[in-house]
Amino acid sequence: SQQGEEDPQALSIQEGENATMNCSYKTSINNLQWYRQNSGRGLVHLILIRSNEREKHSGRLRVTLDTSKKSSSLLITASRAADTASYFCATDLPSGGYNKLIFGAGTRLAVHP
Amino acid sequence: NAGVTQTPKFRVLKTGQSMTLLCAQDMNHEYMYWYRQDPGMGLRLIHYSVGEGTTAKGEVPDGYNVSRLKKQNFLLGLESAAPSQTSVYFCASADGYEQYFGPGTRLTVT
């Protein structure tokens, strides 16, 4: 069973608009990470937020984490056509010593020029 | 640095054939992972390794075997391929929380 589930499954916006993707999970976590996957490529790490953090920024990315609701959101501001990709959240469980990630099914983002 | 590389990039197998996928990393990472990605689903962990000579089962290990004889290499074997193993396979490595992924191997079993 999947730990993380993204919402929406697909999102289509115009360049310059903001894109928000949400992730819900089921059990306690050490941290939550967001990855991007361009078509036909491997995943690339975007940002990590620890369980004791509520918000984190990296360039045009803003991630929030609400551990009481077991949810996270990824906001991409001023989107560009190059942001077109699938975005995955991944939760790192308290599993004792190694980084075992559980991935959600992803949100497909299309940014139109 | 090449990062994480995977060979081959594509492969077509007949049911019952065997093959080995090779993953190599040049970042001296301790942890390595094999995932499979199927349409509409996220990545699922097949096997992983926390260091040279160690391996452990992930979420979907059945039908696969792995070996980590050298720190930089992690091999995924299919002894008797089945159509259900048609998928895209990704290898990743890590020395902390962030995982670094290879470009993937697209495997089709007919």
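Residues numbered from 1 in each chain as written. Chains lettered and ligands numbered in written order. Predicted model: local features only at pLDDT ≥ 70, side-chain atom pairs only at ≥ 80, totals over all residues. Heavy atoms only, no water.

Participant: Explain the interface of chain A and chain B here, please?
Facilitator: Frequently, the measure chosen for interface size is the accessible area that the parts lose on association. At the junction of the two partners, chain A supplies 23 residues and chain B supplies 21 residues. For the pair chain A and chain B, the number of links is 0 salt bridges. Our count for the contact surface shared by chain A and chain B stands at 3 residue pairs in polar contact (both at pLDDT 80 or more). Where the side of chain A that touches chain B is concerned, the elements lending two or more residues are strand 4 (31-37), strand 5 (43-50), strand 9 (85-92) and strand 10 (101-103) of chain A. Classifying every residue of the side of chain A that touches chain B gives 8 nonpolar, 11 polar and 4 charged. (Contact = heavy atoms within 4.5 Å. Salt bridge = Lys/Arg side-chain N within 4 Å of Asp/Glu carboxyl O. Polar contact = N/O pair within 3.5 Å; in protein donor to acceptor, adjacent residues only side chain to side chain. Helix = DSSP H or I, 4+ residues; strand = E, 2+ residues; numbered from the N terminus. Nonpolar A, V, L, I, M, F, W, Y, C, P; charged D, E, K, R; others polar.)

Participant: Teacher, can you tell me more about the pattern of salt bridges here?
Facilitator: Scanning the entire structure with this criterion turns up 5 salt bridges over all chains. Here A:Glu55 ties to A:Arg62 by a salt bridge, and the two come within 3.4 Å at their closest N and O atoms. When its relative accessible area of 40% is taken as the criterion, A:Glu55 is described as partly exposed. Put simply, B:Arg36, B:Asp38 and B:Arg44 are held in one network by salt bridges that share partners. (Buried < 20%, exposed > 50% of the residue type's maximum accessible area, 1.4 Å probe, protein only.)

Participant: Please explain the packing of aromatic side chains as it appears in this structure.
Facilitator: The relative placement of two aromatic rings is captured by the distance of their centres and the angle of their planes. Evaluated as defined, the whole model comprises 7 aromatic pairs over all chains. Ring plane angle 90° and centroid distance 5.5 Å describe the contact between A:Phe103 and B:Tyr35, whose orientation is recorded as edge-to-face. Linking A:Phe103 in strand 10 with B:Tyr35 in strand 4 (residues 31-37), this pair reaches from one chain into another. On the accessibility criterion, A:Phe103 (2% relative accessible area) is buried. (Phe/Tyr/Trp six-rings, centres within 6.5 Å; stacked < 30°, edge-to-face > 60°.)

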